[in-house]
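The primary structure of each chain is shown beneath.
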Amino acid sequence: MTVVSPENPEGTELLLKPSGHPAAKPFKDTLVADGIPFTQFAVDDDRSARVDRTG
């Protein structure tokens, strides 16, 4: 399921994936045990979405 802000429906989307698949729980548990956050970001145009982190 993908959700968006009602104020900006063409803006950022949040994709929610179901956890019902048998592989989901061991996958998540292993990431948590290893201290790895699982967050993924995607954009259609990476040049326009670039954030200057130099200063």
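The structure displayed is predicted, hence computed values, not measured ones.

What follows concerns a negative patch on the surface. Negative charge collects at one region of the surface, where Glu 10, Glu 13, Asp 44 and Asp 45 lie side by side. Along the chain, Glu 13 turns up in strand E2 (residues 8–15). Looking at Glu 13, the relative accessible area reads 56%, which means it is exposed.

Moving on to the confidence of the model for the protein. The share of residues in the protein with pLDDT of 70 or more is 82%, and the mean pLDDT across the chain is 80. Element-level pLDDT for the protein is lowest in E2, with a mean of 84, against a maximum mean of 89 in helix H1 (residues 24–33).

A side chain with one charge can pair with a side chain of the opposite charge if their charged atoms come near. On inspection of all chains with the given rule, the structure shows one salt bridge. Notably, a salt bridge pairs Asp 29 with Lys 25, separated by 2.9 Å at the nearest N-O pair. Linking Asp 29 with Lys 25, this pair stays in helix H1, spanning four residues, or about one helical turn. For Asp 29, a relative accessible area of 40% gives the class partly exposed.

About the criteria used
- Residues numbered from 1 in each chain as written.
- Predicted model: local features only at pLDDT ≥ 70, side-chain atom pairs only at ≥ 80, totals over all residues.
- Heavy atoms only, no water.
- Patch = residues over 30% accessible without salt bridge, like charges linked within 9 Å, V, L, I, M, F, W, Y side chains within 5 Å.
- Areas by Shrake-Rupley, 256 points an atom, 1.4 Å probe, with all protein chains shown as cover.
- Salt bridge = Lys/Arg side-chain N within 4 Å of Asp/Glu carboxyl O.
- Lys, Arg positive; Asp, Glu negative; His and termini not counted.
- Charge placed at Lys NZ, Arg CZ, Asp CG, Glu CD.
- Helix = DSSP H or I, 4+ residues; strand = E, 2+ residues; numbered from the N terminus.
- Buried < 20%, exposed > 50% of the residue type's maximum accessible area, 1.4 Å probe, protein only.
- pLDDT = per-residue confidence, 0-100.

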